Amino acid sequence: MAGGRCGSQLTALLVAWVAAAAATAGPDQAALPAEQSRVQPMTASNWTLVMEGEWMLKFYAPWCPSCQQTDSEWEAFAKNGEILQISVGKVDVIQEPGLSGRFFVTTLPAFFHAKDGIFRRYRGPGIFEDLQNYILEKKWQSVEPLTGWKSPASLTMSGMAGLFSISGKIWHLHNYFTVTLGIPAWCSYVFFVIATLVFGLFMGLVLVVISECFYVPFPRHLSEHSEQNRRSEEAHRAEQLQDAEEDKDDSNEEGNKDSLVDDDEEKEDLDDEDEAEEEEEEDNLAAGVDEDRSEANDQGPPGEDSATQEELEPEEAEEAISEQPCPADTETVEDSLRQRKSQHADKGL
């Protein structure tokens, strides 16, 4: 009996000890946090961290199936970040439209590599092995970096980030009107159109006020003096233009006169040449007439000519008769000379 009681007591003590141990261990195990993700969420306030060191960024959307398929691979890659000496981050484009505009993300998922502020686009499959080789083998060195206005840190992309942020806020406001308040979509569109017109008018008014504040009108006497100076300058310019036109006309007239004088001189030279040619022709004709007359005188009286003609053969007589000058020919030559002299006199007039 005593042995049975001792055994039951020992069993009860063992059960109590196990229960106590379980009770004490339960709260400790419940207090242990779940395994934390090594992927750091990036926002518009902390995105400048990627400007230092080496980073890999992933842009995703909760509704994107392709993004969900690469979540596990991205987590495994982030766990080896300490070994690879690289930081891993992610950006929700729904919550951070400004960052998606700064990196000009047009497809999802999108991956970027950053090394000391120099960004490159990773276009691989996004699996763990390929990402690991991309860092270990430094494949990013063969990729063209985003420089100039394409760099996320440039002023252009900062403006793009602002536009994307405004569009994201408008989209959230539209969802609030249509989903939360139950307003029809066309009413939301009308509201945004009216708001855009009012905002444009307000900005125009602000610009006018600013211009009026910085514009300093000139005093009246200064404005009149400046107007007089302007008119005097215009009159002086008009006089200069008129003088230039007159000088141009004078030069043209002088050129015309010179050309006329040259033409007259050329005509005189031509006339002199014609006169010389005519004189030579006259001299030649006069010499021919004198020769004919001297030959006629050398032949002697008509009786002797007849005697000699009888002695000559018939053919020689005919040739001698044909060679004697005819008085009608000499008269024709003299008439042509008179006509040429009269034409020359007319040209001289």
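Residues numbered from 1 in each chain as written. Predicted model: local features only at pLDDT ≥ 70, side-chain atom pairs only at ≥ 80, totals over all residues. Heavy atoms only, no water.

S.K.: How should the overall build of the protein chain be read in this particular structure?
M.R.: The helix and strand tally for the protein chain stands at 12 helices and 5 strands. Within the protein chain, buried positions represent 19% of all 349 residues. Counted over contacts in the protein chain with a minimum sequence separation of 6, partners at least 24 positions apart contribute 68%. When the accessible area of the protein chain is evaluated, it comes to approximately 25800 Å², of which 57% is carbon and sulfur surface. (Helix = DSSP H or I, 4+ residues; strand = E, 2+ residues; numbered from the N terminus. Buried < 20%, exposed > 50% of the residue type's maximum accessible area, 1.4 Å probe, protein only. Contact = heavy atoms within 4.5 Å. Areas by Shrake-Rupley, 256 points an atom, 1.4 Å probe, with all protein chains shown as cover.)

S.K.: Where do I start with the side chain of His113 in this structure?
M.R.: With respect to the helices and strands, the residue His113 is situated in strand β4 (residues 110-115). The exposure class assigned to His113 is buried, which follows from its relative accessible area of 0%. Here Glu54 takes part through its side chain, which lies 2.9 Å from a polar atom of the side chain of His113. Residue contacts for His113: discarding those within four places in its chain leaves Glu54, Trp55, Met56, Ile118, Phe119, Arg120, Tyr134, Ile135 and Trp140. (Polar contact = N/O pair within 3.5 Å; in protein donor to acceptor, adjacent residues only side chain to side chain.)

S.K.: I tried to follow the pairing of strand β3 (residues 87-92) on my own but got confused; where do I start?
M.R.: Side-chain positions along a regular strand alternate between the two faces of the sheet. Of the pairings in the sheet, the one linking strand β1 (residues 40-41) to β3 comprises 2 bridges and is parallel in character. Bridge pairing in β3 places Pro41 opposite Lys90. In terms of strand pairing, strand β2 (residues 54-60) meets β3 through 6 bridges, oriented parallel. Pairing of Leu57 across the sheet is with Gly89, part of β3. (Pairing = 2+ DSSP bridges.)

S.K.: Explain the pairing of strand β5 (residues 118-122) here, please?
M.R.: Counted residue by residue, β5 has 4 buried out of 5 residues, so it is predominantly covered. Examined bridge by bridge, β4 and β5 share 5 bridges and lie antiparallel to one another. Directly across from Phe111, in β5, lies its bridge partner Tyr122. Taking the residues that link successive antiparallel strands as the turn, the β4-β5 hairpin has 2 residues, and the phi of Asp116 there is positive, at about 55°.

S.K.: I tried to follow the pattern of salt bridges on my own but got confused; where do I start?
M.R.: When their charged atoms lie close together, side chains carrying opposite charge are able to pair. Scanning all chains against the criterion turns up 5 salt bridges. The partner of Glu137 in a salt bridge is Lys139, with the nearest N and O atoms 3.7 Å apart. When the shortest N-O distance is used, the salt bridge between Arg230 and Glu234 registers 2.8 Å. Separated by 4 residues within a single helix, Arg230 and Glu234 lie in helix α9 (residues 220-298), roughly one turn from each other. Residue classification places Arg230 among the partly exposed residues on the basis of a relative accessible area of 39%. Note on Glu234: relative accessible area 43%, which makes it partly exposed. (Salt bridge = Lys/Arg side-chain N within 4 Å of Asp/Glu carboxyl O.)

S.K.: It is not clear to me how the UniProt feature "transmembrane region" (unreviewed entry) in the protein chain should be interpreted in this structure. Could you clarify?
M.R.: The UniProt record marks residues 189-210 with the feature "transmembrane region" (unreviewed entry), using the residue numbering of this structure. For residues 189-210, helix accounts for 100% and strand for 0%, while the C-alpha atoms at its two ends are 32 Å apart. (UniProt positions renumbered as here; feature names shortened; annotations may be inferred.)

S.K.: Could you clarify how one ought to interpret unusual backbone geometry in this entry?
M.R.: When glycine is set aside, most residues are seen to have a negative phi, and most peptide bonds are trans. In this structure, Pro109 follows Leu108 across a cis peptide bond, with omega equal to -10°. Turning to its location among the elements, Pro109 is positioned in the loop between α5 (97-102) and β4. At Gln85, a residue that is not glycine, the phi angle is positive and equals roughly 55°. At Lys138, a position not held by glycine, the phi torsion is positive, near 55°. Along the polypeptide, Lys138 turns up in the loop between α6 (128-136) and α7 (155-180). Residue classification places Lys138 among the partly exposed residues on the basis of a relative accessible area of 46%.

S.K.: What am I meant to see in a negative patch on the surface here?
M.R.: There is a patch of like negative charges on the surface, built from Glu265, Glu266, Glu268, Asp269, Asp272, Glu273, Glu277, Glu279, Glu280 and Asp283. Its location among the elements puts Asp269 in helix α9. (Patch = residues over 30% accessible without salt bridge, like charges linked within 9 Å, V, L, I, M, F, W, Y side chains within 5 Å. Lys, Arg positive; Asp, Glu negative; His and termini not counted. Charge placed at Lys NZ, Arg CZ, Asp CG, Glu CD.)

S.K.: It is not clear to me how the sheet that holds β4 should be interpreted in this structure. Could you clarify?
M.R.: Strand pairs in the sheet, formed through backbone hydrogen bonds, run parallel or antiparallel to each other. Strand order in the open sheet formed by 5 strands is β1-β3-β2-β4-β5, with mixed pairing between adjacent strands. Where the open sheet ends on each side, the last strands, each with one partner, are β1 and β5.

S.K.: I'm lost on helix α3 (residues 71-79) in this one. Help?
M.R.: The complete set of buried residues in α3 reads Trp74, Phe77 and Ala78. Angular distribution of buried residues about the axis of α3 spans 100°; they occupy a single face of the element. Its buried side turned inward, α3 meets β2, α4 (81-84), β3, β4 and α6. (Arc of directions from axis to C-beta.)

S.K.: Explain the packing of aromatic side chains to me, please; I cannot follow it from the model alone.
M.R.: For any two aromatic rings, the description comes down to two numbers: the centre-to-centre distance and the angle of the planes. A full pass over the atoms with the stated rule returns 13 aromatic pairs. With centroids separated by 5.3 Å and ring planes inclined at 40°, the aromatic side chains of Trp74 and Phe111 adopt a geometry described as tilted. With Trp74 in helix α3 and Phe111 in strand β4, this pair connects stretches of sequence that are 37 residues apart. When its relative accessible area of 3% is taken as the criterion, Trp74 is described as buried. Residue class for Phe111 comes out buried when judged on its relative accessible area of 4%. Both rings, one in Phe191 and one in Phe192, keep their centres 5.6 Å apart while their planes meet at 65°; by these two values the pair is edge-to-face. You can call Phe191 partly exposed: its relative accessible area is 41%. Using a relative accessible area of 18% as the deciding quantity, one classes Phe192 as buried. (Phe/Tyr/Trp six-rings, centres within 6.5 Å; stacked < 30°, edge-to-face > 60°.)

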